[in-house]
Amino acid sequence: LQQQDRITKTMMKKQLIRRPRLLTAVTTTVLLSVAAVISAFAPPQSSSSLITNHQQQQQRITFSPLHSSNPNPNQQQPSSSDEELTIEGYSRCLSPWEAQRSVKNESRQYSIIDQKPKWQKPISLVSKGMKKVITKPKKPGSLILLRCGESKWTKTGRFTGWADPDIIKPGILEMEHAARLLLSEGYEPDIIYTSRLTRAVKSTWTVLNELNAPYLPVFKSWRLNERNYGALTGLKKMDAAKELGVEVVQAWRNSLKARPPPMKKDDPYYPGNDRRYEDLAEDQIPLTESLMDCMERARPLWEYGIAKEIAKGNTVLVVAHTNTLRGLMKVIDDIGDNEVQEVSMPAGIPFVYKFDSNMQPLPPAEGKLSQAHTSGIFLEKPGLLKEALKKTEEWNEVVPGSFGQKPTVVNRVSSLENALMKLKDDQAMSAGQRGGVVVDPNDDGQLIVTNNLAEFEEIDAEFEDFSDSAQEEEALSCALPNIQKADEIAPGIMKQGKSKDPVVVFIRHGRTPHNNLGLFTGWEDPPLAPDGVEDAKNAGKLLKLHGFEFDVVYTSWLTRAIETAWYCMDELGDTWVPLIKSWRLNERMYGALTGKSKQMIANEYGEDQLKKWRRGFKILPPPVSSYSLSYPGNDYKRTKYVRDLRISLSETINRSWEARKLQIHRKFPKSESLHTCMKRSIPYYTQRIVPEAVNKGKRVLITSHENAIRGILMHLCEIPEEAMNQLHLPNGLPLVYNVKRKCITLLDDGSGVDPMTKHDFGPAAQYLFRPCELDDDFFDQMEQQALQNQPEEVEVEAPPAVQNQTEQAEADDAAPADDAPIEIIEKVAAATRMVEVVEGMTAEEAALVRAQRLSGSSIIEAADEKPVPSQITEGMTAEEAEAARSTRLHQQ
């Protein structure tokens, strides 16, 4: 009570809370104290045994109205004061300043929306003040609450909590249905909030795909996680009810303040062992939660995050779990403690709130579907979706394989793409190739997928022209990439998820229909083709094979790059990782050439002009018109998130005159050269990614486009400008950049095929694959690996004559040499026993390099003046190399 009084006085002095909230806090504290005193004198409840499925051991559990009892019934029950301190220690009331700081710290880790430069912030403050005087205040946006789809554990009736089972097919169908309801009612979300649990993240992805809006910013917060059920996590509800009694289990589930028994920190489901919560302090990770705890955990995110976005006029979609959504509804409608237990949240049906200018919820209109104690409305009658899914499941029993199956259709394409697809079919038939049935993708009715595209050679539409084959072979022979074997762990990465060194992985997006048809894509937004989806999944599998784990993912706002990031992270099992989308990682803007093939451009502008555009580093293609659909400024769904571009005065005047009101418009590119594209991608890496992630030792994945990645690689690998148009990046291939050693590494896929022959990097590959820098950490890593891989020595007793000879030889060797101290010789001998740790460097070569670092060049001269080879002898089989290495070791 003293602590509560102190907090209350501080809040009143700062005038940060309203009087009703103060009275509610004081009343709640008094009631909790009275209940704790009553429970202390109440007779203890009978206990019963419970066998948890993940610990496989008996555990004594006793139910208490406020807190779980002592696991040992023979021990004395805690006093009321101890119990009150336990409750206060876990779910203490945060002051408004503490709650606001907690939410801001979480959101500032990775900004999901590009922020204005610091020098523009004073100007923006002035402009905001002028807007308030000149323009009318914005109407608050809407809040859409959506319960995530059904998971595996929900299907089997288990206590889920913070455990992370995957979503199942019925849950995906629920989310698709919810998205269609939003489309039918005209709701277009501006920002998404969700939890860090996989079932909620995948539900969000399903909704965005159905809305055709994967570019929307998504904020993943632990505050929206489901209620933590403590030691009940993973248990079946029916089994728990049989062991403990229905009343006890129902009290834990439905009571506002009752907590299940806490889980132990060695429990497999303890969240502290999950790296997705590494940013949380230990006291922020709950061991068990009541319904009130869960609701209070979500309150700060509403007050200092979601509510502010709604006040700005944005429509916010919250995809979360039952109890956290009920907590938000309790705060918004000021529902009483007893009444909130009557509020339900069915899956797959959006629940929408509207607000007045004072951010108070508006009552539902007459005839709208709502529920007691709330002001929101359902977009569909609860129960209809459940009945539909039940009928679908019954139909699946009659026709196996039909449940959840969609008719396979081809994505609708433009008339140009359709014509080129048919042309390729005709050419394939004339060449004697057999393809599938050709259909018009824009025809009505059920469509049949044709596999003809997979039979054609990929055409990569890029301006840049490569050299002839002779020069290309010569350049490739000079490029010696660093190959990481399939059984090795990546530099700076360990499988348990702890980072030693920062690492950056670049992946060009998977193939799209535009790539397959040879069209210039630019800022056009086609999705991945089926083979492009496989490219992204294969990249994720390859990274998983080498033990990669990432902390943050950066991508563009174009669908093909976002989908590549999603499929890759899904294969890694890390969909909860923050996904940052920025226009600065977009592909090069091709201007008026967007959507055209090389032959079309040559016929329209001439071969000479086409060559200039292809080979020029700073030559701009013809710009696109301000009224063209290809102009990025006309994509209003995306442009509202751009804050780091200067304002275009001419576009602002023209559009304001047309709209008869002020329309601020930014200077989006109408055409870009390779140079101008790099002028936005390189600063984004150096000024945003490096300070935000790389300098903090984070593991970064960048899924972007060829020209955007080229620019960053030009900066990192010091590639000259004249060679940039000759560097080609394959689709879906991970390029690992070691920040400390400043080199690019390829990952071995285990096929035994040389990546340089499997993939085409162009003549500029020699600049991309330069040798890695050797530093002290590298040599330390060599020593550690040598000690780990050193075989155990087996002592064999020799005959006496041999022992005498050996002792005499050891005595002779013990005499110090004239040209080198004995300490140096011992270090060289120890280094010689190292195993091969670098591609192309044998054990004795690594020993000589190590000795040179330890004692200078004189020791190299003492070792028979043997030069350090740079690579293993080419043309030698593995057996021959092993024999040669053994011979050299024996001789030394």
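Residues numbered from 1 in each chain as written. Predicted model: local features only at pLDDT ≥ 70, side-chain atom pairs only at ≥ 80, totals over all residues. Heavy atoms only, no water.

Draft legend 1. Up close: the overall build of the protein chain. Tallying secondary structure elements over the protein chain gives 33 helices and 15 strands in all. Within the protein chain, buried positions represent 48% of all 892 residues. Relative to all contacts within the protein chain whose residues are 6 or more apart in sequence, the contacts with residues 24 or more apart total 76%. A total of about 45600 Å² of accessible surface is found on the protein chain, and carbon and sulfur atoms cover 52% of it. (Helix = DSSP H or I, 4+ residues; strand = E, 2+ residues; numbered from the N terminus. Buried < 20%, exposed > 50% of the residue type's maximum accessible area, 1.4 Å probe, protein only. Contact = heavy atoms within 4.5 Å. Areas by Shrake-Rupley, 256 points an atom, 1.4 Å probe, with all protein chains shown as cover.)

Draft legend 2. Examining the packing of aromatic side chains more closely. One pass over the structure, following the stated rule, counts 16 aromatic pairs. Each ring, one from Tyr-193 and one from Phe-219, has its centre 5.6 Å from the other, and the planes form 65°; the classification is edge-to-face. With Tyr-193 in strand β4 (residues 191-194) and Phe-219 in strand β5 (residues 218-220), the pair connects residues that are 26 residues apart, well separated along the chain. Owing to a relative accessible area of 7%, Tyr-193 belongs among the buried residues under this scheme. A residue is classified by how much of its surface remains accessible, and Phe-219, at 8% relative accessible area, is buried. Between Tyr-605 and Trp-613 the ring centres are 5.1 Å apart and the planes differ by 75°, which places this aromatic pair in the edge-to-face class. What makes Tyr-605 partly exposed here is its relative accessible area of 30%. Residue classification places Trp-613 among the buried residues on the basis of a relative accessible area of 5%. Counting every residue linked through ring pairs, the aromatic cluster contains Trp-302, Phe-351, Tyr-353, Phe-355 and Phe-378. (Phe/Tyr/Trp six-rings, centres within 6.5 Å; stacked < 30°, edge-to-face > 60°.)

Draft legend 3. Geometry of the state of the cysteines. Scanning all chains against the criterion turns up 1 disulfide. Here Cys-743 pairs with Cys-772 through a disulfide, and the sulfurs are 1.9 Å apart. Because the sign of the S-S torsion sets the handedness, a value of about 85° for the bond joining Cys-743 and Cys-772 places this disulfide among the right-handed ones. Residue Cys-743 is located in strand β15 (residues 743-747), and its partner Cys-772 is located in the loop between α27 (765-768) and α28 (776-789); the two are separated by 29 residues in the primary sequence. We classify Cys-743 as buried; its relative accessible area is 3%. For Cys-772, a relative accessible area of 16% corresponds to the buried category. (Disulfide = S-S within 2.5 Å.)

Draft legend 4. Quick peek at the nonpolar core. The biggest cluster of nonpolar side chains holds 136 residues, and the ones touching the most others in it are Leu-143, Leu-145, Trp-302, Val-318, Phe-506 and Tyr-554. Counting residues per element, this core draws most heavily on helix α11 (residues 291-311), at 10 residues. Aside from chain neighbours lying at most four places away, what touches Tyr-554 is Tyr-110, Ile-580, Leu-585, Tyr-684, Ile-689, Glu-692, Ala-693, Val-700, Leu-701, Ile-702 and Thr-703. Within the second largest apolar cluster, 11 residues are counted, among which are Tyr-229, Ala-241, Leu-244 and Ala-258. (Core = buried A, V, L, I, M, F, W, Y, C linked by side-chain atoms within 4.5 Å.)

Draft legend 5. Quick look at the sheet that holds β5. One open sheet holds the 6 strands; their spatial order is β5-β4-β6-β3-β7-β8, and the pairing between them is mixed. Taken across any chain shown, the strands that pair with only one partner, and hence form the sheet edges, are β5 and β8 (377-378). Judged from the 3 bridges that link them, strand β3 (residues 143-147) and strand β7 (residues 351-353) form a sheet pairing that is antiparallel. By the bridge assignment for β7, Leu-145 is matched with Phe-351. Across the sheet, α11 is in contact with β3, β4, β5 and β6 (316-320); its angle to β4 comes to roughly 160°. (Pairing = 2+ DSSP bridges. Axes fitted to C-alpha atoms, helices over the stretch in contact; angles between N-to-C directions.)

Draft legend 6. Highlighting helix α24 (residues 706-717). Compared with the 16 Å implied by 1.5 Å per residue over 12 residues, the 15 Å span of α24 between its first and last C-alpha is a close match. Where burial is concerned, most of α24 is hidden: 11 out of the 12 residues are buried. Of the positions making up α24, those classed as buried are Glu-706, Asn-707, Ala-708, Ile-709, Arg-710, Gly-711, Ile-712, Leu-713, Met-714, Leu-716 and Cys-717. Phi turns positive one or two residues past the end of α24, at Glu-718, with a value near 55°. (Expected span 1.5 Å × (residues − 1).)

Draft legend 7. Geometry of the pattern of salt bridges. The final tally for this structure, using the stated rule, is 34 salt bridges. Taking the shortest distance from any N to any O, the salt bridge between Arg-638 and Asp-635 comes out at 2.7 Å. Judged by relative accessible area, Arg-638 falls into the buried class, the value being 8%. For Asp-635, a relative accessible area of 26% gives the class partly exposed. The closest approach of N and O atoms between Arg-710 and Glu-706, which form a salt bridge, is 3.6 Å. Placement of both Arg-710 and Glu-706 in helix α24 is noted, with a separation of 4 residues, approximately one turn of the helix. A relative accessible area of 1% means that Arg-710 is categorised as buried. (Salt bridge = Lys/Arg side-chain N within 4 Å of Asp/Glu carboxyl O.)

Draft legend 8. Quick look at empty space enclosed by the protein. In total, this model carries 6 cavities of 30 Å³ or more according to the counting rule given. The volume enclosed by the largest cavity comes to roughly 150 Å³. Around the largest cavity sit 15 residues that line it, and Ile-112, Tyr-215, Trp-557, Lys-581 and Tyr-641 are the ones nearest its centre. If one sorts the elements of the lining of the largest cavity by residue count, strand β12 (residues 579-581) sits on top with 3 residues. Approximately 120 Å³ is the volume attributed to the second largest cavity. As for the second largest cavity, its lining consists of Val-201, Thr-204, Trp-205, Leu-208, Val-218, Lys-220, Trp-566, Thr-575, Leu-579 and Lys-581. No other element matches the 4 residues that helix α8 (residues 198-211) contributes to the lining of the second largest cavity. Residues that form the lining of the second largest cavity fall into these classes: 6 nonpolar, 2 polar and 2 charged. (1 Å grid on protein atoms, 1.4 Å probe; cavity = no way out; pocket = protein on both sides within 12 Å on 5 of 7 lines; lining within 4 Å. Points joined across faces, edges and corners; volume = space filled by probe spheres on them. Nonpolar A, V, L, I, M, F, W, Y, C, P; charged D, E, K, R; others polar.)

Draft legend 9. A look at the pairing of strand β11 (residues 552-555). Side chains Val-552 and Tyr-554 of β11 all project onto a buried face; the interleaved residues Val-553 and Thr-555 project onto the opposite face, where all are buried too. Where β11 lies against β12, 3 bridges are found, and the strand directions are parallel. Bridge pairing links Thr-555 to Lys-581 in β12.

Draft legend 10. A look at unusual backbone geometry. With a phi angle near 60°, Asn-212 is a residue other than glycine that sits in the positive phi range. Relative to the assigned elements, Asn-212 resides in the loop between α8 and β5. With a relative accessible area of 60%, Asn-212 lands in the exposed category. Of note in this structure, Lys-742 is not a glycine but carries a positive phi near 55°. For Lys-742, the position within the fold is in the loop between β14 (735-738) and β15. Look at Lys-742 and you get partly exposed, because its relative accessible area is 48%.

Draft legend 11. Molecular detail of the packing of helix α17 (residues 530-545) against helix α18 (residues 559-572). One way to put it is that α17 packs onto α18 with a least axis distance of 8 Å and a crossing angle of 40°. As judged from the angle between their axes, α17 and α18 are oblique. Along this stretch, α17 crosses α18, giving a crossing that reads as right-handed. In this structure, α17 contributes Val-533, Ala-536, Lys-537, Ala-539, Gly-540, Lys-541, Leu-543 and Lys-544 to the contact, and α18 contributes Thr-564, Tyr-567, Cys-568, Glu-571 and Leu-572. (Parallel < 35°, antiparallel > 145°, perpendicular 65-115°, else oblique. Left-handed = near helix turned anticlockwise from the far one by under 90°.)

Draft legend 12. Looking closely at the confidence of the model for the protein chain. Across the protein chain, the average pLDDT comes to 74, with 61% of residues at or above 70. Within the model, pLDDT remains below 50 along residues 794-803, and this stretch shows 2 contacts once partners closer than five positions in the same chain are excluded. A low-confidence stretch, residues 814-839 stays under pLDDT 50, and its non-local contacts, those more than four residues away or across chains, total 35 contacts. (pLDDT = per-residue confidence, 0-100.)

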